[in-house]
Amino acid sequence: MIPLTSELVAIGKTATDKADAIAQAVDLLTAAGKIDPRYGQSMMGREAVANTFLGNGIAIPHGLPQDRDLIHDTAIAVVQLPAGVDWAPGDRARLVVAIAAKSDEHLQVLSNLTDVLADEAEAERLATTTDAAVIVARLTGAAAPVAATEVPADFAQGFDVVVTGVHGLHARPATTLVDLAKGFAAEIRLRNGAKVANGKSLISLLNLGAAQGAALRVSAEGPDAQAALAAIAAAFEAGLEDEEDTGAAAPEAATPGLTGAGASMACYEGRTLHGISSSPGYALAPVFRFARDAVVFDTDGTDAAFETDRLEAALQTAWHELEELHDEVWKKSGPARAAIFRAHQEFLHDPEMVEAAKALIGQGRSAGFAWHRVFSERADLLGAMKDAVLSGRAIDLRDAGQRVLQHLGRVQSGETHLPTAPCILLADDLTPSDTARLDPALVRGLATAQGGPTSHTSIIARALDIPAVVGLGAGLLDLPAGTPVLLDGGAGVIVVAPTPADTARAEAAMAALTAQREAEARERYKPALTVDGARVEVVANISDVAEAIASVEAGAEGVGLLRTEFLFVNREAPPSEDEQVAIYSAMLTALNGLPIIIRTLDVGGDKEIPYLRMPVEQNPFLGVRGIRFCLSHEDLFRTQLRAIYRASAKGHVRIMFPMIAMIEELETARRIAEEVRAELGAEPVEIGIMIEIPSAVMMAAELAKRVDFFSIGTNDLTQYALAMDRMHPVLAKQADGLHPAVLRLIDFTVRAADAAGIWVGACGGIAGDPMGAAVLSGLGVRELSVSIPAVAGIKAQLRRSSMADNRDLARRALACCDAAEVRGLT
């Protein structure tokens, strides 16, 4: 604990502005011999890049990390300002706690302050007391708070559990807990020492600060309390705390040429700024300063009911924006990356946050002021936590909060938001929403003053393959626009005005990887012929016209899956028949004779479209989805089929029905398709089905007699075979398509197709997995439909392999006991 004495507490002071208040605190620290007076400039430097106002009238100014050599001894000083001083728009500080920390000894003080933030009466007492000893005792923990908020007691029913995950109870597992808890009527509480959280509030759970090893008490009260506790206990047992991608920086070995970060940093001749590796790779380009619009709002409201309605409308609008962003990122980077925005949506539905904002509105505040105060205070609490992963979630909360605020205030446009030429983007920090909007073709690298490698922003940067360095300090933002820099993502450094030698070293370090990618790109149009002459077609999964064009450029031999559901999202009504014809025709023109498999509308489960009036189902993955939805919305189905048949005159079209479980569904769908074709006088096209359900596998011999091809959807086949939701945050990483149970289903399907003389493709995730491509081709799958970026690499891999070896690998995989054993095969 930092020793704090009354000599470092100034009572009853006034300040003309924030700078004056900080100067008074600096004078106290300087007089006590704790700091070099120049540390005051560092504190003001921090204010330029961050808001140090915590809430409830408390501010914690502190210096920049690179200036710690100006601190003689770790210390804090307190300046009490009963009348307050403006700290930031809408924020007035009355207790200024200036921190000069050489290490982490000040964290206990911050912990004590977070308790004060939850108690307005206690904050008022400290801001008005005339006895410095009261403040000293409160901040050092020597005395218990006089007016401490009563901590809720545990409920009678409960269980104890230890957090085992390396990153503790952070955003993703906490979101899982909230989702579980909200499914029960019972009240649910979690205790971590003296802190108690509402199990249905994400912010409340994160504020528990439950790191690895924390002993929690989970309790519940209500009609279904026992069931709720059983479900939560099972979730913990299943590995609730773990996640597939922790966001840790990628290993340096992923970047060829690196021999270690230290060696890399030592060899640069130009001026270097040292940060933290966030996403590996190199970039050389001029810098561009990222800027956001400022949002201003009134402090007071005139009508509480009106302001409450405004808040609820803004929350709803922001929720739908996040839903659209989720879909966009899902398309580009997959479900794991898109899950970030599900957590953001959970923030907006947090009951304690909404209740607190409405309480402020009831006191006469505007919706904008109330919401800003609520999410800012809670983000500051998260940001002050010692655990890096938990503190890193503060920016996620600010991101979600700011999205709502934009609908409650007036946006003041500032600098240009996004670059129009290749650059290295500089920012104080980037939210996940900011990062998801970036164009990798222009943004060659990312550099931020704040942030860490475990942030969701870092995860998205790696998904977009953008080299990134974070935590570089405020000095980064002093670089003039257009300054040439070298970004070394693996070493975590920025080299300002790199010398020719610096540039040469960076280029040499990436030469091997670049050569490999270029070789694959040059040969991307070559067929995937194995060394012993077997042919496997490699095609692409796409969602729109732009991706059709990109797939041809990437070397795809056609389209193995057009996800037509993405033509139906982000709009208020379904696309018309003519609109669909135009889209399908444009894709066929882009493909220039290459085949395309158009999957009819596949919604339900994890793909919901509000205007289609989809039913609310207890288990949508086992409900009206895929072909069942099409058959129950026959007008919509017929319209899509008419558009497909009309467009088929432009090129090589195949139609595929999703989620076929029974022969009756296929026969009904084929009957409707034939009626539509006959009405139009269109030529017949090949018709196939997706094999995604175990019942379709078991009936494959009969189904194969009625179609021209099968396409195995390994993602859904895996989740139905293993009874594991592939989007489930706890179970998803176990739902591996290379599990022998799934491979045996695929093998059964291929054998049935071979007997009927039809071909089999695969369009799930393992088709683009190097091991998966080898096993699937060895099982007899003749077409692999993969993401566009994976096309050239998968084709090159197949050309380097022999089909005899792939068949041997598949044979051994079928004999394994689990997915890990399969992945361990060589």
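Residues numbered from 1 in each chain as written. Predicted model: local features only at pLDDT ≥ 70, side-chain atom pairs only at ≥ 80, totals over all residues. Heavy atoms only, no water.

How should the overall build of the protein be read in this particular structure?
A tally of regular secondary structure across the protein gives 32 helices and 28 strands. Within the protein, buried positions represent 56% of all 826 residues. Sequence separation of 24 or more characterises 71% of the internal contacts of the protein that already satisfy a separation of 6 or more. (Helix = DSSP H or I, 4+ residues; strand = E, 2+ residues; numbered from the N terminus. Buried < 20%, exposed > 50% of the residue type's maximum accessible area, 1.4 Å probe, protein only. Contact = heavy atoms within 4.5 Å.)

Would you mind going over the sheet that holds strand β2 (residues 53–55) with me for this structure?
The pairing of strands in a sheet happens through backbone hydrogen bonds and is either parallel or antiparallel. Spatial strand order, β1-β4-β5-β3-β2: 5 strands in an open sheet with mixed pairing. Pairing within the sheet leaves two strands with one partner each, and these edge strands are β1 (9–10) and β2. Of the strand pairs in this sheet, strand β4 (residues 75–88) and strand β5 (residues 91–100) are connected by 9 bridges, and their pairing is antiparallel. When the sheet's bridge partners are listed, Q80 is paired in β5 with L95. Along the sheet, helix α1 (residues 18–31) contacts β1, β4 and β5; its crossing angle with β4, the most-contacted strand, is approximately 165 degrees. (Pairing = 2+ DSSP bridges. Axes fitted to C-alpha atoms, helices over the stretch in contact; angles between N-to-C directions.)

Sorry, what's going on with unusual backbone geometry here?
Generally, phi is negative for residues other than glycine and the peptide bonds are trans, each holding for most cases. Within the chain, A497 stands out as a residue other than glycine whose phi angle is a positive 45 degrees. Counting through the fold element by element, A497 comes out in the loop between β19 (493–496) and α18 (500–509). Classification of A497 by relative accessible area gives partly exposed; the value is 45%. Of note, the phi angle at M659 is positive, near 60 degrees, even though the residue is not glycine. Note that M659 resides in the loop between β24 (653–657) and α24 (663–680).

Explanation requested: the packing of aromatic side chains in the structure shown.
Each pair of aromatic rings is reported with the distance of its centres and the angle of its planes. All chains considered together, the criterion is met by 3 aromatic pairs. Centre to centre, the rings of W371 and F375 are 6.1 Å apart; their planes meet at 50 degrees, and the pair counts as tilted. One end of the pair, W371, and the other, F375, are both in helix α13 (residues 367–383), 4 residues apart, so they sit about a helical turn from each other. Taken together, a centroid distance of 4.9 Å and an interplanar angle of 10 degrees make the contact between F709 and W759 stacked. Of this pair, F709 sits in strand β26 (residues 709–712) while W759 sits in strand β27 (residues 759–762), placing them 50 residues apart in sequence. Neither F709 nor W759 differs from the other in exposure class; each is buried. (Phe/Tyr/Trp six-rings, centres within 6.5 Å; stacked < 30°, edge-to-face > 60°.)

Would you explain the packing of helix α23 (residues 634–647) against α24 in this entry?
It is the contact of α23 with α24, at a shortest axis distance of 9 Å, that shows an interaxial angle of 50 degrees. The angle between α23 and α24 falls in the class oblique. Our pair here, α23 against α24, has a crossing hand that is right-handed. When α23 is examined against α24, the residues E634, F637, R638, L641, R642, Y645 and R646 are found in contact with a partner set consisting of A669, R671, I672, A673, E675, V676, R677, E679 and L680. (Parallel < 35°, antiparallel > 145°, perpendicular 65-115°, else oblique. Left-handed = near helix turned anticlockwise from the far one by under 90°.)

Please clarify how the sheet that holds strand β6 (residues 157–162) should be interpreted in this entry.
Read from one edge to the other, the open sheet built from 4 strands follows the order β6-β9-β7-β8, with strand pairing classed as antiparallel. Looking along the sheet, the strands with just one partner apiece sit at the ends: β6 and β8 (195–198). Between one strand and the next, the sheet's axes are offset by a mean angle of 25 degrees, whatever the strand orientation. Judged from the 4 bridges that link them, strand β7 (residues 187–192) and β8 form a sheet pairing that is antiparallel. Across the sheet, residue R189 finds its bridge partner in β8, namely N198.

I keep staring at the pattern of salt bridges and nothing clicks. Help me out?
Two side chains carrying opposite charge are able to pair once their charged atoms lie near each other. This structure, assessed with the given rule, holds 33 salt bridges. In this structure, the salt-bridge partner of E312 is K358, at a minimum N-O distance of 2.8 Å. Here E312, found in helix α10 (residues 304–333), pairs with K358, found in helix α12 (residues 351–362); they are 46 residues apart in sequence, far enough to count as distant. R799 is paired through a salt bridge with E523; the nearest N and O atoms lie 3.7 Å apart. In this pair, R799 is assigned in helix α30 (residues 791–800) and E523 in the loop between α19 (511–522) and β20 (528–529), connecting sequence segments 276 residues apart. With relative accessibility at 16%, the residue R799 sits in the buried group. By relative accessible area, which is 32% here, E523 ends up partly exposed. One continuous salt-bridge network, built from bridges that share partners, spans E577, D578, R642, R646 and E679. (Salt bridge = Lys/Arg side-chain N within 4 Å of Asp/Glu carboxyl O.)

I would appreciate a short explanation of the nonpolar core in the present structure.
Among soluble globular proteins, nonpolar side chains are generally buried collectively. The biggest cluster of nonpolar side chains holds 94 residues, and the ones touching the most others in it are F657, F710, I746 and L784. Tallying contributions element by element places helix α28 (residues 740–756) first for this core, with 7 residues. With near-sequence residues (within four places) excluded, F710 lies in contact with I689, I691, A700, L703, A704, T749, A753, I758, W759, V760 and G761. Counting residues in each nonpolar core, the second largest holds 56 residues, with L177, I232, A314 and A370 among its members. (Core = buried A, V, L, I, M, F, W, Y, C linked by side-chain atoms within 4.5 Å.)

Is there a simple way to explain α24 in this structure?
Between its terminal C-alpha atoms α24 stretches 26 Å, which fits the 26 Å expected from 18 residues at 1.5 Å a residue. On its buried face, α24 sits against α22 (627–632), α23, β24, β25 (686–691) and α26 (700–704). Directly after α24, the chain includes G681, whose backbone phi takes a positive value near 70 degrees. (Expected span 1.5 Å × (residues − 1).)

What is the right way to look at the environment of F369 in this model?
Within the element layout of this structure, F369 appears in helix α13. Judged by relative accessible area, F369 falls into the buried class, the value being 5%. In this view, F369 contacts G90, F297, D298 and T299; residues no more than four positions away in its chain are not counted.

Please clarify how the environment of L809 should be interpreted in this entry.
Within the element layout of this structure, L809 appears in helix α31 (residues 803–814). Given the relative accessible area of 10%, L809 is considered buried. The sequence separation of L809 and L825 amounts to 16 residues, and the corresponding C-alpha distance is 7.5 Å.

How should I be thinking about a nonpolar patch on the surface in this particular structure?
A cluster of nonpolar residues, M698, M699 and F748, forms a patch on the protein surface that exposes about 290 Å² of accessible area. For M699, the position within the fold is in the loop between α25 (694–698) and α26. On the basis of relative accessible area, M699 is assigned to the partly exposed category, the value being 34%. (Patch = residues over 30% accessible without salt bridge, like charges linked within 9 Å, V, L, I, M, F, W, Y side chains within 5 Å. Areas by Shrake-Rupley, 256 points an atom, 1.4 Å probe, with all protein chains shown as cover.)

Help me understand α31, please; the structure alone is not making it clear to me.
Every α-helical turn comprises 3.6 residues, leaving residues that sit three or four positions apart pointing alike. Helix length check: α31 (12 residues) gives 16 Å between terminal C-alpha atoms against 16 Å at 1.5 Å per residue, within 8%. The complete set of buried residues in α31 reads M803, N806, L809, A810, A813 and L814. An end-on view of α31 places all buried positions within 135 degrees of arc, on one side of the element. Facing away from the buried surface of α31 by more than 90 degrees, the exposed residues are D805 and R811. As for α31, its buried residues are in contact with β21 (535–542), α28, α29 (770–779), α30 and α32 (819–823). (Arc of directions from axis to C-beta.)

Even after reading the chapter, I still don't get the side chain of K795, so can you show me in this structure?
Mapping K795 onto the fold places it in helix α30. Of the side chains bearing the opposite charge, E557 lies closest to the buried K795, which forms no salt bridge; the N-O distance is 4.4 Å. Leave out the neighbours within four places in its chain, and K795 touches R524, Y525, K526, P527, A528, V538, G555 and E557. (Lys, Arg positive; Asp, Glu negative; His and termini not counted.)

By themselves, these are just geometric observations and shouldn't be taken as functional.
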